[in-house]
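Listed below, chain by chain, are the residues.
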Amino acid sequence: MKNKPTVGEILQAKGVSRRGFLKYCATTASLLALPPAMIPRIAKAIESARRPSVIWLSFQECTGCTESLTRSAAPTVEGLIFDAISLDYHHTLQAASGDQAEAARHAAMEENEGGYLVLVDGSIPMGNPGFSTIAGISNYDMLMETVAGAAAVVSIGTCAAFGGIPGANPNPTGAVSVGDLVKDKPIINVPGCPPIPMVMTAVLTQFLTFGQLPEVDKYGRPLAFFGQTIHDRCYRRPFYEQGKFANTFDDEGAKAGWCLYKLGCKGPTTYNACATVKWNQGTSFPIESGHPCLGCSEPDFWDKGGFYEPLSTGNFGSGAKVAGAAAAGVALGAVAAVAGRRRQAKYTKEA
Amino acid sequence: MTSIDNIGVQVQAVHGNVRPILNEVLHALDKLIDNNETTIIDLAGLPFGPGELDVLEETLGKGELSAQLDALGSSRIQETTYPGVWWIEHRNAHDEVVGRYLEITRIPEILSSQDADICAGRVSLGEQFE
Ligand code: SF4
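Just so it is clear, the structure is predicted and the values come from calculations on it, not from any experiment. (Residues numbered from 1 in each chain as written. Chains lettered and ligands numbered in written order. Predicted model: local features only at pLDDT ≥ 70, side-chain atom pairs only at ≥ 80, totals over all residues. Heavy atoms only, no water.)

Draft legend 1. Representation of the overall build of chain B in the model. Counting its regular elements, chain B contains four helices and five strands. Each helix (α) and strand (β) of chain B, taken in turn from the N terminus, gives the series α-α-β-α-β-β-β-β-α. For 130 residues, the compact-globule estimate of 2.2 N^0.38 gives 14 Å, and chain B exceeds it by more than 25% at 19 Å. Counting only C-alpha atoms and orienting by the principal axes, one finds that chain B spans roughly 70 × 45 × 25 Å. Considering chain B as a whole, with its 130 residues, one finds that 38% of them fall into the buried category. (Helix = DSSP H or I, 4+ residues; strand = E, 2+ residues; numbered from the N terminus. Rg over C-alpha atoms; globule rule 2.2 N^0.38 Å. Buried < 20%, exposed > 50% of the residue type's maximum accessible area, 1.4 Å probe, protein only.)

Draft legend 2. Main features of the domain arrangement of chain A. Residues and elements named next belong to chain A. Domain annotation of chain A identifies domain 1 (51-225) and domain 2 (227-335). Across the boundary between the two partners, domain 1 contributes 20 residues, which contact 15 residues of domain 2. Across the domain 1 to domain 2 interface the summed buried area is about 1,400 Å²; carbon plus sulfur atoms make up 68%. Sorting the residues of domain 1 by area buried against domain 2 places Ile196, Arg221 and Phe225 first, and these three jointly supply 37% of that buried surface. (Domains from an automatic or database assignment. Contact = heavy atoms within 4.5 Å. Buried area = accessible area lost by both parts, 1.4 Å probe.)

Draft legend 3. Local environment of the site of the ligand. In the neighbourhood of the ligand, the contacting residues comprise His231, Cys234, Arg236, Arg237, Tyr240, Cys259, Leu260, Tyr261, Cys265, Gly267, Pro268 and Ile287 of chain A. Residues that form the shell around the ligand fall into these classes: eight nonpolar, two polar and two charged. (Near = heavy atom within 4 Å. Nonpolar A, V, L, I, M, F, W, Y, C, P; charged D, E, K, R; others polar.)

Draft legend 4. Up close: the packing of aromatic side chains. Residues and elements named next belong to chain A. Counted according to the given criterion, the structure contains ten aromatic pairs over all chains. Ring geometry for tyrosine 240 against tyrosine 261: centres 5.8 Å apart, planes inclined by 65 degrees, an arrangement best described as edge-to-face. Separated by 21 residues along the polypeptide, tyrosine 240 in helix 12 (residues 237-242) and tyrosine 261 in the loop between helix 13 (252-255) and helix 14 (274-277) bring together distant segments of the chain. With relative accessibility at 6%, the residue tyrosine 261 sits in the buried group. Note on tryptophan 302 and phenylalanine 307: the rings are 5.7 Å apart at their centroids and 80 degrees apart in plane angle, and the pair reads as edge-to-face. The class of tryptophan 302 is partly exposed, set by a relative accessible area of 42%. Aromatic ring contacts, followed pair by pair, group Tyr240, Phe245 and Tyr261 into a single cluster. (Phe/Tyr/Trp six-rings, centres within 6.5 Å; stacked < 30°, edge-to-face > 60°.)

Draft legend 5. Structural view of the environment of proline 268 of chain A. Relative to the helices and strands, proline 268 of chain A is located in the loop between helix 13 and helix 14. Taking the C-alpha atoms as reference points, proline 268 of chain A and isoleucine 230 of chain A, 38 residues apart in sequence, are found 6.4 Å from one another.

In structure tokens:
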């Protein structure tokens, strides 16, 4: 690791000016939900950080997670993070295949023993090792061999984090999550079907910048992004508080942009950052486009009853509680702003 | 008229974030006047509804000075009609907005020439003409 260039050196070699670097640090602070006062500290940390080695394993997945992350072809601010990490193995993206690719994986593991990150997308079939293999190696064997010398594991997407669609009833391949198998390494779950690209890069950035993994919730999800529900930060929340709901996709309520709770919105029980980080170049998120949240970043989202059944029908456990909570409503802006500030205040204290 | 225009969607506006932010700007201006203290408000973490950000931008308006920065994509640095209140928007190479801030300060730091760039420029000019 010692001979690897620092991120500062990499950016300098790419002709990135100091202004460009400051801009990069400002957007990094924003990405990590850190207060702008932290920018100088981030700049110092990033400049001297050495690029970590990353091994990306893809198991039973649809490649949607990789697609979500690697759509960008031209250099972007967040794309620089990927120049700053050393992606030593990703069998979908790398040119090498078969024995050559496996040799690259082994070389990265040996060279960075104890310090590399393993990113996994897809679930692991335990029903029969032959259901999914890479270079003749079962997903289980490859996972266990690769994580043995890793600093930490990041499960990218709901399949790796919770089993996802392959693990949905009747789970024909006996699919399990990374966390079901790996017990002796820190695991960060970044669920979503697919996850928000910026959340994936934020986890890597945090590791790169501060050499530490983010604070997580009970499902191992980074609190900066999964600390609040979609409902907590939904701009339609005032309509929910006022009891103004769309009852069908084409009624007056739908046209007026009212709350989608009765159309099956899982926002109240779903922890994710779609309502603020948004999708498609920050354009919108499903609720803003008129469709209820499916709850794709929650465990077993596929098996929790109909997507268009309201939470209060009882399939989701906490529906009655959520419906009752409307009476005790609080103004949206205030809730979101206070929660955001609280998180920022915490980091300022630590800075 | 296209069929899309025929869909009678008239989304009711929700502008719950604008007033609290304007209040924060007022407090930040007091801090700038009294203690010369800069405040940066990161607009990325707030759940803006459709059009809400536009209302905030329109309310603050455009002042006398605006600058465009080209570094890792373009950035717009615009003083609002309220001197000392700057609207800063960073974009990446795909022209996607990657950061949006209100900076309450005399001059945003990113507008100053940076020491590292000045030194590098000095070396490169020297190489050509010395
Ligand atoms: S139920 Fe869904 S649409 Fe309604 S306020 Fe909550 S998250 Fe938004």
